[in-house]
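Residues per chain are reported as follows:
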Amino acid sequence: MWTLHVSLILSLLYGRGLGGAARGECEWGVRLCEIGDPLNLTSTCNFESPLTTLSGGIEVQQFSTKVQDIIKTLTDQPVNTQESTTSYLGFPYYLRIDLLCGSKESSKRAIQEALLTGLTPNVVLTFQEPVHPIRLKSQRLQIILTTAPLLDSVPCDSDLCQLGWYAPMPILNGSVVYRVQVVSNGQGQLVPERSFAVNVNGYVRTTDKGETKISFGTEMPALEDMMVLGSPSRPLWAVVQSSPILILPGIPGFKAVLMTATEFQHTSPIEVGIESCWAGSLNCPQVEFSSMILEAISTESSLFIRQNQLLHRFVGNFSLLPLRAPPSDNNFHLGDTFPKYIPKGSGDSFTVVTKTQENGTVTLHLRGMVFNPISAILYIWGNALLCSQDQGMSYLFFNGFPLDQMIKYFTLSYHGEFAFVTETEELWWGQEGVDQVMRVRPSLGWQAFSSLQALKGDSSYSMTHSLLTVFYDWDKQLQEVVYTVDSKGKGSVVKRELPVPEILSYSHFSTTPRKVHHLESFSAFSFPLTCPFFWEHMADLPHPEPYNRIQQYLTRPPLVPTSLGLQTTASLATYQGLLHHLLHLHSDYIMDIGNPVHNPTWRWWKDKVIYADYYFYMASNGVSSTGFNVEMGGYSRAYMSSEITFPDMVYLDRVSSFSFSIYIACGSAKHLSVEEKPRELSDINYIWLSAEVSNNHYIHVSVTRNELLNRGAVLYKVTVKDRGLFPGQVLAGEGLLAFNLLLRVSSSEMKCYQQKDQGIGLRGLHRVPIYIGCPPGNRLAFDITTTLEKCAYNNKRYFNCPKPDPIMPCFYYEDLFYPFFLIQDMVSGESERFLGSYTFKVVGGGAYSKDHIRLYTPEEVLMYNSLNYSSQRTLVWMFEDMDSSVNITKEGFVVMHGNTNNIRWMCQGNSPCGNMAAQSLEAPDYYFVVEVSNKGIDLSTYCDYALRFILHVHGFPLDPSRGLFYMLMTLATIVGILVCFIVYNCCGPGLKNLLKAAYQATKHKSHAEHESNVSLAPSIGDGVHRSRDSRQGLSLTSTN
């Protein structure tokens, strides 16, 4: 009871009393659903409807064409209805957002109240980049979706009935892992934000009969048929933040696993369809045969399941992923040997293993290891916990772990925290850089926390349950999965968040001596101040986007001119189609040729901007043929957010830096404490900040202290800078080196707790993941606008193709070519002229048509571009101003610069564009595939700005020999025509009479022969008579 009383007092202190249950505090709920035919105005996804999908994840990966019928009707909207049909497609699912407030009736009532008070949830959707990106350049992409309210299709006799909020659930090629974060718009009741995993399940297929099947097994009807309370927990193995499906093995007596596509928000028991023994053998090859699946690992596109000695692999149907990708190649070497015995420690701190270390009597048994590539810390565990920060050259022991325990499995957050479970199902927790591990369960803090949760109405803490596993989710929050059984015997799998700082705070204050103070009107208690500071916060933060490299879009549903703003299925279908078109524009914007306006949505509205006032007037007055209006500003690119927060990770290019400040206040705490001797403002001398880097060879950190005596505070200026030692140059977002920056306030470990919006948190430690290399979102683009202007200005003319192409303008062969390029930051929206050094190479091409383009071999690239092969007459182009100041690589390629870029097309006789024959009456033209790269030349950046684009050149002259042949043939033709003309004019009359006389003579001769044959007929006698035939005329016939 004493622990419960303390917990209640602490909950009141932290503002987490029991009133929340009475008030019916709500939380967001998310699930996938399908909308029926958008033309029949009916919804098939209601509040009480079951899950649309078996596992709660995305099981259909094909786009829908139903929205096109709606898009075609938007003739009075700022939408190009004549656009290609592939630009407006529908996604297979919607997201339905609900308020969950305990009971169903309370939830329905809360949703109605939220609509009337202006509360609207927004969805922040994050696309996880695949392990092997299919795009030329990797990216971090987010979309903020404003949800749309829609009534459920249930009987109702009121204007405001049961409803929910909807938003399209977009899918993107290359992404199968999605994170959905639901946040409030700040109006109405306060609902905390909540995060969900909504991933693609490639192991579910639909048969021809419309039935749902699991590709690697069969769904079991009920959990209680195979789950048993008290069974041991087991580890959850998966590729961090890349596995769309998680599977948990270890169900005793069954060849079964628990499958989830939502991080155990929804779980399906699956009996795996595998053989139990070796194929082709009569007996199992082990003494003790077990049908239980022992281990399972999920990757981005495959599942690996081990039963006994057999390892099975199941490949999912992920049409959004490039499954043919090269494997990763990573090696790790342990440079030292382990001690035989666990050394004796010296208190609750690290013990360094040395040759002179006094060994204990407990033999060291190691069971597994895990490596954190960001912090470069190797953890090795068994009946002790070791860590190494130099890849196994030396080891440190955690002394806080008891010697009578054995660690069963270990899990990392990859953000500075870790947890492990022992064979006795104890849960322990620790932090990187901290020399002690804490027992979370069982503990006094856990008793207080679980009692509070039961009092608040969480039934999973009051029912009988057993632990299945613990893991860190996408948000780096520790989660536990438990199997519970209610009073009716119904089993269920429940995921519960473990707020470790809150639990530890309860343990901390439960074991800390307290004082009770009796005042005039009330009594109070106080705890001694163990934290060296009063409070701290980040200051002088820059906008996070240039450092976290997140590209963000904002979308809103169409405007519906009704008092409540309720949508229809037609307007939601329009929302789907326009969102698909936005992502289509985003994908097209990652093009080789830069747009005149640095905005992916520019091409969407460029022809409609002049009518913006008209569309605004129509929307303001609710005038529309469809009953809703599309806003031109409803689909935009957000470059700099208004909210400045600390970035979740920092990307640094060559010698770039990131700076911020930490404000630490000591304070007297007189207004919050009843201590007899409160702290003085001069205690800032006890506040010091240290900085630790996982590898200081690449990163330099400077910390500047500024004492604010009048405030009793200290302001630290922290600057993180790249040293410029990254090896080589890489493509944007690829081959990055990861490091960890740890900022520590001295004597604050496990002692400083602070109430935040998300709950109680530990203070005094700050971790910043640092990535050096080429940040994602940077690209090199061909500046077609400036190139056309400079070519026309310097050449005093511009000849376009006879058949112009607005996307790919032509350049005249005889004119000098002046290429210009842009460095475009896709995140910040900034664009500037590329003034660095680069090589210009023709790596492919084809004559007359793009269909004839082929890529050249490396040998051909050298022959057509390198000056080393100029004697073979194979050059395609030549630098115009060649002199001794021009740099040339050892391969013979000319090094060009941003403003030194005069190119003369050569197309020598042995080049692919030399000696081309003309087709029809037009001069030959050629499509060049040009590659521009700064790799190994421009060392001012870590970025390998590799760019390939197609260049159309027309007006090629003929080869001299071919031209001479054409000239001779033309002259011969002209001479022949002239000779015929002269002969006709000079000898024409005589020749005409001669031909006429010959014709008359031939005609007279034929007539004479005909009359001679007729006159001979009477003198032949009786044996011959004349016969007429209507078809043959006159003939002689013998009757002998």
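We now turn to the structure provided with this report. (Residues numbered from 1 in each chain as written. Predicted model: local features only at pLDDT ≥ 70, side-chain atom pairs only at ≥ 80, totals over all residues. Heavy atoms only, no water.)

### Regarding the overall build of the protein chain
Argument step 1. Tallying secondary structure elements over the protein chain gives 14 helices and 59 strands in all.
Argument step 2. Evaluated residue by residue, the protein chain yields a buried proportion of 48% over its 1040 residues.
Argument step 3. Taking all contacts inside the protein chain whose residues are at least 6 apart in sequence as the whole, residues at least 24 apart take part in 67%. (Helix = DSSP H or I, 4+ residues; strand = E, 2+ residues; numbered from the N terminus. Buried < 20%, exposed > 50% of the residue type's maximum accessible area, 1.4 Å probe, protein only. Contact = heavy atoms within 4.5 Å.)

### What to know about the state of the cysteines
Argument step 1. Using the criterion set out here, one finds five disulfides in the structure.
Argument step 2. Across the disulfide, Cys 26 is cross-linked to Cys 101 (sulfur-sulfur distance 1.8 Å). Measuring the twist about the S-S bond at about 110 degrees, one finds the Cys 26-Cys 101 disulfide to be right-handed. In this pair, Cys 26 sits in the loop between α2 (19–23) and β1 (27–33) while Cys 101 sits in the loop between β2 (94–100) and α4 (104–117), placing the two residues 75 residues apart along the sequence. Across the pair, Cys 101 and Cys 26 agree in class, each one buried. (Disulfide = S-S within 2.5 Å.)

### Quick word on empty space enclosed by the protein
Argument step 1. All chains considered together, the criterion is met by six cavities of 30 Å³ or more.
Argument step 2. Taken as a whole, the largest cavity holds about 100 Å³ of empty space.
Argument step 3. Lining the largest cavity are Val 30, Arg 31, Leu 32, Leu 51, Gly 56, Leu 95, Phe 196, Ala 197, Val 198, Thr 262, Gln 265 and His 266.
Argument step 4. Of all the secondary-structure elements, those providing two or more residues to the lining of the largest cavity are β1 and β8 (194–197).
Argument step 5. When residues in the lining of the largest cavity are grouped by element, the largest group, three residues, is from β1.
Argument step 6. Among the residues making up the lining of the largest cavity, the classes are represented as seven nonpolar, four polar and one charged. (1 Å grid on protein atoms, 1.4 Å probe; cavity = no way out; pocket = protein on both sides within 12 Å on 5 of 7 lines; lining within 4 Å. Points joined across faces, edges and corners; volume = space filled by probe spheres on them. Nonpolar A, V, L, I, M, F, W, Y, C, P; charged D, E, K, R; others polar.)

### Side note on the sheet that holds strand β40 (residues 689–693)
Argument step 1. Taken in spatial order, the four strands of this open sheet run β38-β46-β43-β40, and their pairing is mixed. Each edge of the sheet is formed by a strand with only one pairing partner; in this case those strands are β38 (650–652) and β40. For this sheet the average axis-to-axis angle between neighbouring strands, irrespective of direction, equals 25 degrees. (Pairing = 2+ DSSP bridges. Axes fitted to C-alpha atoms, helices over the stretch in contact; angles between N-to-C directions.)

### Considering the pairing of strand β31 (residues 478–485)
Argument step 1. Within β31, eight of the eight residues are buried, leaving the element largely enclosed by the surrounding structure.
Argument step 2. Because side chains alternate across β31, one face comprises the buried residues Leu 478, Glu 480, Val 482 and Thr 484, and the other comprises Gln 479, Val 481, Tyr 483 and Val 485, equally buried.
Argument step 3. Two strands pair when backbone bridges link them, and strand β30 (residues 464–472) and β31 are joined in this way by eight bridges, in the antiparallel orientation. The residue bridging Thr 464 from the neighbouring strand is Val 485, located in β31.
Argument step 4. The turn linking β30 back onto β31 is made up of five residues, and Lys 476 within it adopts a positive phi angle of 65 degrees.
Argument step 5. Across seven bridges, the pairing between β31 and strand β32 (residues 491–497) is antiparallel.

### Observations regarding unusual backbone geometry
Glycine aside, residues mostly have negative phi angles, and peptide bonds mostly take the trans form.
Argument step 1. With an omega dihedral of 0 degrees, the bond running from Arg 441 to Pro 442 counts as a cis peptide bond.
Argument step 2. Along the chain, Pro 442 turns up in the loop between β29 (437–441) and α5 (444–455).
Argument step 3. At Asn 308, a residue that is not glycine, the phi angle is positive and equals roughly 55 degrees.
Argument step 4. Within the secondary structure, Asn 308 is located in the loop between β17 (302–307) and β18 (310–315).
Argument step 5. Although it is not a glycine, Lys 476 sits at a positive phi angle of roughly 65 degrees.
Argument step 6. In this structure, Lys 476 sits in the loop between β30 and β31.

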